Amino acid sequence: MRKLDILADAAKYDVSCSSSGSNRPARDGVGNTRSCGICHSYTEDGRCISLLKILYTNNCIYDCAYCINRRSNDIPRSAFTPDELAGLTMNFYNRNYIEGLFLSSGVLRSPDYTMEQLNEVARKLRNEYRFNGYIHMKAIPGADPLLVHQAGLLADRLSVNIEIPSEQQLLRLAPEKNYRSVFTPMNLISRNIAESREERKRYRKAPRFTPAGQSTQLIVGATEETDYTILRLASGLYNRQKLKRVYYSGFVPVNSHDSRLPELKQPPLVRENRLYQADWLMRFYHFRHDEILDENNPQLEQGIDPKLAYALRNPHLYPVDLDRASYEEILRVPGIGVRSARIIVANRRFGRIGFDHLKKMGVALNRAKYFIVCRELTTGIKPVVYPEQIRRKLLKSTNGAGTQLSLF
Amino acid sequence: MKVSGPYSIYTYDGSIDGFFSVVFHAFQSRIPPADILSLVSNNQIPIGDIIDVTTCPRQAARVRRGIASKSDKKNLRLVQVAHLAETRQTDMLLYRYLVRLFEKPGQSYYRNMLDPLVYDLVQAARRVKKEVHRFHGFVRFQQTRDNMYVAAIDPDNNIVRLLAPHFTSRFPHRKWLIYDVRRKYGIFHDTSGLMEVKLEGHAFELDSGYIGKNARAVREDLYRELWQTYYDSVNIKERKNSRQMRAFMPKRYWKYLPEKSKK
Ligand code: SF4
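Residues numbered from 1 in each chain as written. Chains lettered and ligands numbered in written order. Predicted model: local features only at pLDDT ≥ 70, side-chain atom pairs only at ≥ 80, totals over all residues. Heavy atoms only, no water.

## Quick word on the overall build of chain A
Alright, step 1. Scanning chain A from terminus to terminus reveals 15 helices and 10 strands.
Alright, step 2. The buried share of chain A, reckoned over its 408 residues, is 61%.
Alright, step 3. Carbon and sulfur atoms form 50% of the exposed surface of chain A, whose accessible area is close to 17200 Å². (Helix = DSSP H or I, 4+ residues; strand = E, 2+ residues; numbered from the N terminus. Buried < 20%, exposed > 50% of the residue type's maximum accessible area, 1.4 Å probe, protein only. Areas by Shrake-Rupley, 256 points an atom, 1.4 Å probe, with all protein chains shown as cover.)

This is the structure:
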């Protein structure tokens, strides 16, 4: 139990919940994976617990400044064996505590050795326990491409964490790492994914390579990069490496003070949340990163969400006529989400859209009303004239609620 | 049975067949309901003219066929799922919806979300589906000595049947039971298929959902404690946000989640 405590505790700073994007039906074994994420519990800090997220070991031969497991820390160390970890996963899964396993690790002996151990856990689960549930594994930077390939055939998702959003800073904080050691496996994985897709078009039985794709994590606030730099990096990862998700993790100072890192009283949670919102805009609202921010406006506003900020910077695009405008245009109205935008477009032929409908759909009218034309607002409010006024009004009305972490 | 006045309060046993029997009765006798009450989810005795309808599968089947023939199948699905919401007004909403469907057939009303009646029904169905989705995560199995996996639940809506497909596909070769302790029935699965069951006596402790110590597998307690340890250790103090946690996992669900109901 002590072991679990140490190794779960060490894994928790990877602040993401993900167990989606792959459908693996149970044929002759146990378990399946569902394409929409199932949360089994929630932590006291409101994160979804879906996977048993754990380190194989918290031993590490490296010494990254931002990491609690770095070799220069004097902390209790522990390691699982593949048998223990596979058994624990199965027993949790059978009780419906979890959707699957998120396996990460410090670097034990060498990257190759570590990757082999992780693969062994996954192999046991898949072949001995006939486990069809979800497995997310870290690809260890610097591991042999063959081992990474094996990992990809066993796991639903692989991830290589970039952690620090610029190479220069990474070199400063993690002297044993560089962007090549991160991007080599990442590019390899995206190539393998593409190849496996192609092959499966020809032979339906060709093996699947990480059907749920790959993801990465960026630490926010440990270094000086602007939000613009971070979003540009993320957008490149989505477009070029075809990543499924980029996770942003507000820096939590876990080590006693290191002069290379800032002293923070509190992790930058609001900033992290704004980045997630901006990320959503890129993934679901058809925004490009350089529409959200640019060289002249390199930081997301903390006080208002990025969509509202965009609308206030571009008053000439509003008001949007809900009875006529395209889906894309409606998506860009602050306070209207993907679901409401769809309902509006699908239902407006039945009649004019009015406040009562919008309210029922859950549209945040207090924001949306400044940017729309609808039954009650036949000419709309002209934000061209009043962007500053609207900003002040909205800032006042959301005061205090601004730190709550909801999306739009 | 007493029939008087132009309107009456209908009571029934809470099942979907019972509800359809009410609809059948109301249409045939031309006595529209002032209210429709399930005797299972309402404890108070209604005041007024009461017609207590006995559930009749044949009448229910006729209503079902009626719905299916008046429009497309999605309507039937919507009605059946919304009925499981068991909220006070849903049955009347459903009734009004069906009246409209039978009077002006052929239209796919459910598509028109601008109509408040349709919208409320769709919302009721969404609430049910949302809870089903939540319980895909919140069901907690315990392993029994004879290698069965059993779970107690107490959901807001009557969803235990809707949980069956997910767990059947997840654990296809296993004996498992998910039991609704408030509605006092459950779904049992073994290799030959699914069965609805009613348990005699108290198989589950009502406050914790645990099965009796003697019924548990040898390592059941160990794994439960490991899970509790895991839950406690993944917490990040610096990020504490209980409000959000409770929004996702409301307190009323905690009693059967071992990680939230430690003794
Ligand atoms: S290699 Fe990974 S585990 Fe090791 S110190 Fe760096 S971040 Fe921590």
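Continuing now.
## Thoughts on the overall build of chain B
Alright, step 1. In terms of regular secondary structure, chain B is built from eight helices and eight strands.
Alright, step 2. Taking the principal axes of its C-alpha atoms as reference, chain B extends roughly 60 × 45 × 40 Å.
Alright, step 3. Burial status across chain B gives 56% buried among its 263 residues.
Alright, step 4. Side-chain charges in chain B split into 45 positive and 27 negative, and the spacing between the mean points of these groups amounts to 5 Å. (Lys, Arg positive; Asp, Glu negative; His and termini not counted. Charge placed at Lys NZ, Arg CZ, Asp CG, Glu CD.)

## Some details on the state of the cysteines
Residues and elements named next belong to chain A.
Alright, step 1. Inspection of the entire model under this criterion finds one disulfide over all chains.
Alright, step 2. There is a disulfide in this structure between C39 and C48, and the S-S distance comes to 2.2 Å. Around the S-S axis, the bridge from C39 to C48 shows a dihedral of about -110 degrees and counts as left-handed.
Alright, step 3. On the basis of relative accessibility, which here comes to 14%, the residue C48 falls in the buried class. (Disulfide = S-S within 2.5 Å.)

## Some details on unusual backbone geometry
Residue and element names in this part refer to chain A.
Alright, step 1. Omega for the peptide link from Y318 to P319 comes to 0 degrees, which places this bond in the cis form.
Alright, step 2. Inspection of the secondary structure assignment puts P319 in the loop between α10 (306-313) and β9 (320-321).
Alright, step 3. Backbone geometry at R109 places phi at a positive 60 degrees, although glycine is not the residue there.
Alright, step 4. For R109, the position within the fold is in the loop between β4 (100-104) and α3 (111-128).

## Quick look at the pattern of salt bridges
Alright, step 1. Considering all chains together, one arrives at 31 salt bridges over all chains under this definition.
Alright, step 2. Between A:D290 and A:R288 there is a salt bridge, with its nearest N and O atoms 3.1 Å apart.
Alright, step 3. Between B:D221 and B:R216 there is a salt bridge, and its shortest N-O distance comes to 3.1 Å.
Alright, step 4. Judged by its relative accessible area of 8%, B:R216 is buried. (Salt bridge = Lys/Arg side-chain N within 4 Å of Asp/Glu carboxyl O.)

## Remarks on the domain arrangement of chain A
Residue and element names in this part refer to chain A.
Alright, step 1. Domain annotation for chain A reports domain 1 (2-292) and domain 2 (306-398).
Alright, step 2. Computed over C-alpha atoms only, the centres of domain 1 and domain 2 are separated by 37 Å.
Alright, step 3. Where domain 1 abuts domain 2, roughly 920 Å² becomes buried across the two surfaces, and 62% of that area is made up of carbon and sulfur atoms.
Alright, step 4. Its largest share of buried area at the contact with domain 2, domain 1 owes to Y285, H286 and F287, together 55% of the area lost on that side.
Alright, step 5. On the surface where domain 1 and domain 2 come into contact, there are one salt bridge.
Alright, step 6. Residue R332 pairs with E291 through a salt bridge whose shortest N-O separation is 3.0 Å.
Alright, step 7. Applying the counting criterion to the domain 1 and domain 2 interface returns five residue pairs in polar contact (both at pLDDT 80 or more).
Alright, step 8. For the side of domain 1 that touches domain 2, the secondary structure elements donating two or more residues are α8 (269-284) and α9 (289-292).
Alright, step 9. Per element, the largest residue contribution to the side of domain 1 that touches domain 2 is five residues, and it comes from α8.
Alright, step 10. Classifying every residue of the side of domain 1 that touches domain 2 by side-chain character gives six nonpolar, two polar and two charged. (Domains from an automatic or database assignment. Buried area = accessible area lost by both parts, 1.4 Å probe. Polar contact = N/O pair within 3.5 Å; in protein donor to acceptor, adjacent residues only side chain to side chain. Nonpolar A, V, L, I, M, F, W, Y, C, P; charged D, E, K, R; others polar.)

## Remarks on the interface of chain A and chain B
Alright, step 1. Between chain A and chain B, the residue contacts involve 60 residues of the former and 56 residues of the latter.
Alright, step 2. Note on chain A versus chain B: buried area summed over both sides is about 5300 Å², and carbon and sulfur give 54% of it.
Alright, step 3. When the buried surface of chain A facing chain B is broken down by residue, A:E44, A:R95 and A:Y97 rank first, second and third, together holding 15% of it.
Alright, step 4. Seen at the junction of chain A and chain B, the total is four salt bridges. (Contact = heavy atoms within 4.5 Å.)

## Re the sheet that holds strand β1 (residues 8-12) of chain B
All names here are of chain B.
Alright, step 1. Strand order in the open sheet formed by three strands is β2-β1-β3, with parallel pairing between adjacent strands. One side of each edge strand has no neighbouring strand; the edge strands of this open sheet are β2 (33-38) and β3 (50-52). For this sheet the average axis-to-axis angle between neighbouring strands, irrespective of direction, equals 25 degrees.
Alright, step 2. Bridge count between β1 and β2: five bridges; the pairing is parallel. Bridging across to β2, T11 finds its partner in L37.
Alright, step 3. Contacts between helix α4 (residues 90-103) and the sheet are confined to β1 and β2, with β2 contributing the most and set at about 130 degrees to the helix. (Pairing = 2+ DSSP bridges. Axes fitted to C-alpha atoms, helices over the stretch in contact; angles between N-to-C directions.)

## Focus on the environment of B:Q244
Alright, step 1. Structurally, B:Q244 can be placed in helix α8 (residues 242-248).
Alright, step 2. Sequence separation between B:Q244 and B:V22 is 222 residues; the distance between their C-alpha atoms is 42 Å.

## Section: the domain arrangement of chain B
Residue and element names in this part refer to chain B.
Alright, step 1. Assigned domains of chain B: these are domain 1 (8-131) and domain 2 (140-260).
Alright, step 2. When each unit is reduced to the centre of its C-alpha atoms, the spacing between domain 1 and domain 2 is 31 Å.
Alright, step 3. Contact residues are listed per partner, giving six residues for domain 1 and eight residues for domain 2.
Alright, step 4. Across the domain 1/domain 2 interface, buried area totals approximately 760 Å², and carbon plus sulfur atoms make up 46% of it.

## Observations concerning the site of the ligand
Alright, step 1. Surrounding the ligand, one finds A:C60, A:Y62, A:C64, A:C67, A:R70, A:G106 and A:K177.
Alright, step 2. In the shell around the ligand, the residues fall into four nonpolar, one polar and two charged. (Near = heavy atom within 4 Å.)

## Regarding the pairing of β2(B)
Put simply, side chains in a regular strand alternate between the two faces of the sheet.
Alright, step 1. β2(B) sits mainly inside the fold: five of its six residues count as buried.
Alright, step 2. As a crossover connection, the stretch from β1(B) through helix α1 (residues 16-29) of chain B into β2(B) is right-handed. (Right-handed = clockwise from strand over helix to strand, strands pointing away.)

## What about empty space enclosed by the protein?
All names here are of chain B.
Alright, step 1. Inspection of the entire model under this criterion finds four cavities of 30 Å³ or more.
Alright, step 2. Empty space within the second largest cavity amounts to approximately 100 Å³.
Alright, step 3. As for the second largest cavity, its lining consists of 15 residues, and the residues nearest its centre are R140, Q142, Y210, Y256 and P258.
Alright, step 4. For the lining of the second largest cavity, the per-class residue count stands at seven nonpolar, four polar and four charged. (1 Å grid on protein atoms, 1.4 Å probe; cavity = no way out; pocket = protein on both sides within 12 Å on 5 of 7 lines; lining within 4 Å. Points joined across faces, edges and corners; volume = space filled by probe spheres on them.)

## Thoughts on the nonpolar core
Alright, step 1. Residues A:I54, A:Y66, A:F92, A:Y248 and B:F20 are the most contacted members of the largest nonpolar core, which totals 188 residues.
Alright, step 2. With 11 residues, helix α5 (residues 116-138) of chain B is the single largest residue contributor to this core.
Alright, step 3. Of all hydrophobic cores here, the second largest spans 11 residues; its members include B:M148, B:V150, B:A152 and B:V181. (Core = buried A, V, L, I, M, F, W, Y, C linked by side-chain atoms within 4.5 Å.)

## Some thoughts on the sheet that holds strand β3 (residues 51-55) of chain A
Hydrogen bonds between backbone atoms are what pair the strands of a sheet, whose relative direction is either parallel or antiparallel.
Residue and element names in this part refer to chain A.
Alright, step 1. Taken in spatial order, the six strands make up an open sheet running β3-β4-β5-β6-β7-β8, and their pairing is parallel. The sheet terminates laterally at β3 and β8 (245-250), the two strands that pair on one side only. Taken over all neighbouring pairs, the strand axes of this sheet differ in orientation by 20 degrees on average, direction set aside.
Alright, step 2. The strands touched by helix α2 (residues 82-94) within the sheet are β3 and β4, with β3 carrying the most contacts at an inclination of about 160 degrees.
Alright, step 3. Of the strands in this sheet, β6 (157-159) and β7 (214-220) are in contact with helix α6 (residues 179-202), which crosses β7 at around 150 degrees.

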